[in-house]
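Chain by chain, the residues run as shown.
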Amino acid sequence: VRCVQETDAEYMGNSFRNISTEMEFQQWYQDMPFITKWTMTIIVAVAGLVTFGILPPMWLVLIYEDAIFKLQLWRFFTNFLVFGKFSFAFIFKLVFIYFGLKNLENMYKPGKYPEFIYLILVNGFFSVLFSTICDEHYFCGSQLTFALLYIYCKKNPMEKVSFLFGFIVSTAYLPWAIIAYHLLAGAPILQDLIGIAAGHSYIFLKDVLPASHRMDYLRTPKFFERFVNKYIVPKILGSSNVYGFQGQFPQPGGERQQQQPQGNAFRPFQGRGVRPVSYTHLRAHETPEHLVCRLLLEKKKTQIIYFLLIYF
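All values derive from a computational prediction rather than experimental measurement. (Residues numbered from 1 in each chain as written. Predicted model: local features only at pLDDT ≥ 70, side-chain atom pairs only at ≥ 80, totals over all residues. Heavy atoms only, no water.)

Looking at this structure, how should I read the side chain of Arg75?
Within the fold, Arg75 resides in helix H4 (residues 75-78). Since its relative accessible area comes to 5%, Arg75 is described here as buried. There is a polar contact of 2.8 Å between the side chain of Arg75 and the backbone oxygen of Val61. At 2.6 Å, the side chain of Arg75 and the side chain of Gln72 are in polar contact. (Helix = DSSP H or I, 4+ residues; strand = E, 2+ residues; numbered from the N terminus. Buried < 20%, exposed > 50% of the residue type's maximum accessible area, 1.4 Å probe, protein only. Polar contact = N/O pair within 3.5 Å; in protein donor to acceptor, adjacent residues only side chain to side chain.)

Is there a simple way to think about the nonpolar core in this case?
Ile35, Leu104, Phe116, Leu119 and Tyr202 are the most contacted members of the largest nonpolar core, which has 30 residues in total. For this core, the secondary structure elements donating two or more residues are helix H5 (88-108), helix H6 (113-133), helix H7 (141-155), helix H9 (190-213) and helix H10 (222-237). Counting residues per element, this core draws most heavily on H6, which supplies 9 residues. Non-local contacts of Phe116, meaning those with residues more than four positions away in its chain, are made with Ile35, Leu101, Leu104, Glu105 and Tyr108. Counting 15 residues, the second-largest nonpolar core is a separate cluster that includes Phe96, Leu174, Ile178 and Ile179. (Core = buried A, V, L, I, M, F, W, Y, C linked by side-chain atoms within 4.5 Å. Contact = heavy atoms within 4.5 Å.)

Help me understand the side chain of Ser131, please; the structure alone is not making it clear to me.
Structurally, Ser131 can be placed in helix H6. Ser131 sits in the buried class, given a relative accessible area of 0%. Of the polar contacts made by the side chain of Ser131, one reaches the side chain of Gln143; its length is 3.0 Å.

What exactly am I supposed to notice about the confidence of the model for the chain here?
Detailed reading of the predicted coordinates is not advisable wherever pLDDT falls low. Here the chain shows a mean pLDDT of 78. Residues at 70 or above account for 70%. Mean pLDDT values over the elements of the chain span from 55, in helix H11 (residues 279-284), up to 95, in H6. Within the model, the stretch residues 1-9 combines pLDDT values under 50 with 0 contacts to residues more than four positions away or in other chains. Scored below 50 in pLDDT, residues 239-275 makes 44 contacts in the model with residues more than four places away or belonging to other chains. (pLDDT = per-residue confidence, 0-100.)

Looking at this model, I keep getting lost on unusual backbone geometry. Mind explaining?
Of all residues except glycine, most have a negative phi; of all peptide bonds, most are trans. Of note in this structure, Leu71 is not a glycine but carries a positive phi near 60°. Within the element layout of this structure, Leu71 appears in the loop between helix H3 (64-69) and H4. By relative accessible area, Leu71 is classed as exposed at 62%.

What exactly am I supposed to notice about the pattern of salt bridges here?
Where charged atoms from two side chains of opposite charge come close, those side chains can pair. A full pass over the atoms with the stated rule returns 6 salt bridges. With its nearest N and O atoms 3.9 Å apart, the salt bridge here joins Lys206 to Asp216. With Lys206 in helix H9 and Asp216 in the loop between H9 and H10, this residue pair connects regions lying 10 residues apart in the sequence. Residue Asp216 is classed as partly exposed on the basis of its relative accessible area of 27%. (Salt bridge = Lys/Arg side-chain N within 4 Å of Asp/Glu carboxyl O.)

Help me out: how do you make sense of the packing of H7 against H9 in this one?
Pairs of packed helices are described in terms of their axes, by the angle between the two and the distance that separates them. Between H7 and H9, whose axes approach to 7 Å, the crossing angle comes to 45°. Classified by the interaxial angle, the pair formed by H7 and H9 is oblique. The two elements H7 and H9 cross, and the hand of that crossing is right-handed. Two secondary-structure elements touch here, H7 through Ser142, Gln143, Phe146, Ala147, Tyr150, Ile151, Lys154 and Lys155 and H9 through Gln191, Asp192, Ile194, Gly195, Ile196, Ala198, Gly199, His200, Tyr202, Ile203 and Asp207. A per-class count over the contact of H7 with H9 returns 9 nonpolar, 6 polar and 4 charged. (Axes fitted to C-alpha atoms, helices over the stretch in contact; angles between N-to-C directions. Parallel < 35°, antiparallel > 145°, perpendicular 65-115°, else oblique. Left-handed = near helix turned anticlockwise from the far one by under 90°. Nonpolar A, V, L, I, M, F, W, Y, C, P; charged D, E, K, R; others polar.)

Hey, could you run me through H6 in this one?
An α-helix turns once every 3.6 residues. As a result, residues three or four positions apart point the same way. Helix length check: H6 (21 residues) gives 30 Å between terminal C-alpha atoms against 30 Å at 1.5 Å per residue, within 8%. Taken from the residues just after H6, Asp135 is the one with a positive phi, measuring 60°. (Expected span 1.5 Å × (residues − 1).)

Looking at this structure, I do not really get a nonpolar patch on the surface. What am I missing?
Together, Val44, Leu49, Phe52, Ile54 and Phe86 make up an exposed nonpolar region whose accessible area comes to about 490 Å². Its place among the elements puts Ile54 in the loop between helix H2 (34-51) and H3. (Patch = residues over 30% accessible without salt bridge, like charges linked within 9 Å, V, L, I, M, F, W, Y side chains within 5 Å. Areas by Shrake-Rupley, 256 points an atom, 1.4 Å probe, with all protein chains shown as cover.)

I tried to follow the packing of H7 against helix H8 (residues 174-185) on my own but got confused; where do I start?
As a packed pair, H7 and H8 sit with axes 9 Å apart at the nearest point and diverge in direction by 140°. Between H7 and H8, the angle falls in the class oblique. Within the contact between the two elements, H7 uses Phe146, Leu149, Tyr150 and Cys153 and H8 uses Leu174, Pro175, Ile178 and Ile179.

I tried to follow H8 on my own but got confused; where do I start?
Given a rise of 1.5 Å per residue, 12 residues ought to cover 16 Å, and the 16 Å separating the end C-alpha atoms of H8 matches this to within 8%. Of the positions making up H8, those classed as buried are Leu174, Pro175, Ala177, Ile178, Ile179 and His182. Contacts from the buried residues of H8 go to H5, H7, strand E1 (160-162), strand E2 (168-170) and H9. At the C-terminal side of H8, Gly186 shows a positive phi close to 75°.

Just to check I follow, could you spell out the packing of aromatic side chains for this structure?
Pairs of aromatic rings are described using the distance from one ring centre to the other and the angle between the two planes. Applying the stated criterion across every chain, the model contains 13 aromatic pairs. Seen from their ring centres, Phe25 and Trp28 are 5.6 Å apart, and the 40° between their planes marks the pair as tilted. Here Phe25 pairs with Trp28, and both are found in helix H1 (residues 2-30), just 3 residues apart, close to one helical turn. For Phe25, a relative accessible area of 51% puts it in the exposed group. Summarising the aromatic geometry, the rings of Phe92 and Phe96 are spaced 4.8 Å apart at their centres and angled 70° between planes, so their arrangement reads as edge-to-face. Linking Phe92 with Phe96, this pair stays in helix H5, spanning 4 residues, or about one helical turn. Overall, Phe96 belongs to the buried group, its relative accessible area being 13%. An aromatic cluster is defined as three or more aromatic residues linked by ring pairs; in this entry it consists of Phe25, Trp28 and Tyr98. A cation over an aromatic ring shows up here: Lys37 above the ring of Tyr29, its NZ or CZ 5.7 Å from the ring centre. (Phe/Tyr/Trp six-rings, centres within 6.5 Å; stacked < 30°, edge-to-face > 60°. Lys NZ or Arg CZ within 6 Å of the ring centre and 35° of its normal.)

See below:
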């Protein structure tokens, strides 16, 4: 009986541990930033469909003839979602997608989602452009992933991360450590170099050039910012109260229209509606009582100045 009880206790303990592990995974998944969570979910789903032969990769690959002349425009986007079948290499890529995309999204949320989405689009364009030059444009997901990882490492160069086998490396050298690992493993590094070229192009045009020559070619367009704030951000955050707009989003013109208080209505942190006016305006509207007060104050001020001159 005791052996049976111990066996039941062990079974219950294992069950509780499994439930705890499942709850921890669910919590980790739910705590993931919105764009990172759905990007990884779609990538894993595509990998599963490709692995089991349900979705042919040729439907997703970027072929310019089909995308342009046959109007298969989805190929410009779906080529970023294919990372091969389920394998150790796929898990390795998934880890770096999670690392780069999650950390970048945490840097830009919640007030800069338009700039973050625009960053992804610009780096996707650079990845396709440089991949086309190098004839590696069929699947550009690895290039875009490396570009986002490179941008995060350039913006946060002093962080320490644990690489393979517990090797600690600074984020400033993490992209080059990954390239070195790929060289040692005999994997191609052309996609990594394309990602570095795309990410570095973004850093140069977005951060370096505006600081040195005051030319910002990658400023987020206002129409794109309004579109994201109105249609995408509420769905991401699950609320219409975004950026402190209290349910309202930027109107055309870039600023939210507000009703201005009239008359002497109270304004927070500004007191009543009394505005400063010029001395000439006061003199023009001066009453006899105001005139007497002004002359008395000027006389008192003259007496004080005269006393100070005599005393010192």
